[in-house]
Amino acid sequence: MQYKNFLSLALASVASAQNMSLTDALGSQGSMLSSLNAILGANPRFSESLSRLENVTILAPSNDALNALTSNSDTIALLTNPAYLQAMLSYHVLNGTYYNTSFSNESMFIPTTLTNMTYTNVTGGQVVEARIYDNNVTFFSALKENATISMPNVNFTGGTIHVIDRLLSIPQNLTETLSNANLTAAEGAINAANLTDIVSDMRDITIFAPNNEAFNAIGSLIGNLTSDQLTNIVGYHVVNGSVNYSSQLENTTLATANGHNITITVANGTMYANSAKITVPDVLLSNGVVHVIDQVLNPDNTSAAPDMSATTATPAFTGASTGTSGIPFTSGVTTPTTTFPAATSAGGSGSSSSSGAAMPMKTGAVGAAALFGGAAVFVNM
């Protein structure tokens, strides 16, 4: 539904009764939300906890959004896991009341009620990115997967509900995110430096992840790096203790895990980390955010500045050139079989090109009837 058509709907909705209970508000949408209502009805303790929340925005997946899962057995299996189902539903609840007119072309990163540390390690709750894209209010989740509003502003006593056309995907851990975003060289470099577990366990991080082409551009130097040098380079791409979304990046410096600073430059709507262009911002991570960049940052060249006139990226390492043995660090790294929006050069596309939702964990496949028949039983929210 186009954004301009939302305005009249919003006015009509706001004019309606504001004292409707959550159950009544969800039920007022008839068959559009019958699958979600069945899930909540089968899990009364969670539903009761949800009803007690105040000043929230619920992103309610439509029947079509939930029924689309029947083609993906792995996703169905996840949603019959009580802990995951609770986490997933919690990720669809935004802290704060946001009507469809609250959003603009500028990205907002809104904390959700998902705080379970099995699935997120972000202070204040895992976020959803929200903005107007292609005249639609659009919500971005894991790997830039996105959903748009089908029906806005179904108001209830605790806030408002937006019916959305796709299920949001909980952001994945470091390894899964880099792999599925086709940042396999960055994944392999972190693993080669024996830093995968360390970085994965950090709370609130920002990673500037060079794309595969960036690593390939310095391939001639990779074989000569010592383990200490590689550790130093990897550490220079990680900011620990601070989740810096694109809306927060400005002309400033950020202290990295290896003790050196990265200089952030914003010019003509383009963001740079030192001389590297941020090509895909805001790939949400279970413990922070990833920004894809077109160069490998050099901790011995911290003064490297962006060349605004350049049409191709120049390596920050003097004398570097493309290697002869393929893309570095990708040997033994799993190549993604599904193309998610985060893996495209543009990122944040208006529609997902993936065949299934991004999943932070897997269990054995079960039938769809178990999901919609309410087989899962929640613990308290």
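Residues numbered from 1 in each chain as written. Predicted model: local features only at pLDDT ≥ 70, side-chain atom pairs only at ≥ 80, totals over all residues. Heavy atoms only, no water.

Caption draft 1: Highlighting the overall build of the protein chain. Helix and strand content of the protein chain: 14 helices and 14 strands. Looking at the protein chain residue by residue over its 381 residues, the buried ones come to 53%. When contacts within the protein chain are restricted to residue pairs at least 6 apart in sequence, long-range pairs at least 24 apart make up 71% of them. Carbon and sulfur atoms make up 49% of the accessible area of the protein chain, which totals about 15700 Å². (Helix = DSSP H or I, 4+ residues; strand = E, 2+ residues; numbered from the N terminus. Buried < 20%, exposed > 50% of the residue type's maximum accessible area, 1.4 Å probe, protein only. Contact = heavy atoms within 4.5 Å. Areas by Shrake-Rupley, 256 points an atom, 1.4 Å probe, with all protein chains shown as cover.)

Caption draft 2: Quick peek at the sheet that holds strand β10 (residues 252-255). Strand order in the open sheet made by the 7 strands is β9-β8-β14-β13-β12-β11-β10, with mixed pairing throughout. Every other strand in the sheet has two partners, leaving β9 (238-240) and β10 as the edge strands with one partner each. Sheet twist, expressed as the average angle between the axes of neighbouring strands with direction ignored, equals 30°. (Pairing = 2+ DSSP bridges. Axes fitted to C-alpha atoms, helices over the stretch in contact; angles between N-to-C directions.)

Caption draft 3: Quick look at the nonpolar core. In terms of nonpolar packing, the biggest core is built from 53 residues, with Ile 58, Phe 139 and Ile 161 touching the most fellow members. A per-element tally of this core places helix α7 (residues 82-91) first, with 6 residues. In terms of nonpolar packing, the next biggest core, distinct from the first, is built from 35 residues, Ile 205, Ile 218, Val 283 and Ala 320 among them. (Core = buried A, V, L, I, M, F, W, Y, C linked by side-chain atoms within 4.5 Å.)

Caption draft 4: Spatial organisation of α7. A large share of α7 lies buried, amounting to 8 of its 10 residues. Looking at where α7 begins, the residue whose side-chain oxygen comes 3.0 Å from the main-chain nitrogen of Ala 83 is Asn 81. (Polar contact = N/O pair within 3.5 Å; in protein donor to acceptor, adjacent residues only side chain to side chain.)

Caption draft 5: Structural view of the sheet that holds strand β6 (residues 146-156). Pairing is mixed in the open sheet, where 7 strands are placed in the order β2-β1-β7-β6-β5-β4-β3. Two strands bound the open sheet, and with one partner strand each, they are β2 (93-95) and β3 (108-111). Strand after strand, the sheet turns through a mean of 35° between neighbouring axes, direction not considered. Pairing between strand β4 (residues 127-133) and strand β5 (residues 136-140): 5 bridges, direction antiparallel. Following the sheet pairing, Tyr 133 is matched in β5 by Asn 136. α7 contacts β2, β4 and β5 of the sheet and is inclined by roughly 50° relative to β2.

Caption draft 6: The arrangement of the pairing of strand β13 (residues 276-285) in detail. Among the 10 residues that make up β13, 7 are buried, leaving the element largely enclosed by the rest of the structure. In this sheet, β13 lies alongside strand β12 (residues 270-273) in antiparallel orientation, the contact comprising 2 bridges. Residue pairing for β13: Tyr 272 is matched across the bridge by Lys 277. The turn linking β12 back onto β13 is made up of 2 residues, and Asn 274 within it adopts a positive phi angle of 55°. Between β13 and the antiparallel strand that follows it, strand β14 (residues 288-293), lie 2 residues.

Caption draft 7: Main features of the environment of Ser 227. Inspection of the secondary structure assignment puts Ser 227 in helix α13 (residues 227-235). Linking Ser 227 and Asn 194, residues 33 residues apart in sequence, is a C-alpha distance of 9.3 Å.

Caption draft 8: Local environment of unusual backbone geometry. A positive phi angle is found at Asp 134, which is not glycine, with a value near 55°. Overall, the relative accessible area of 56% leaves Asp 134 in the exposed class. Despite not being glycine, Asn 135 shows a phi value in the positive range, around 65°. Among the secondary structure elements, Asn 135 is positioned in the loop between β4 and β5. Residue Asn 135 is classed as partly exposed on the basis of its relative accessible area of 46%.

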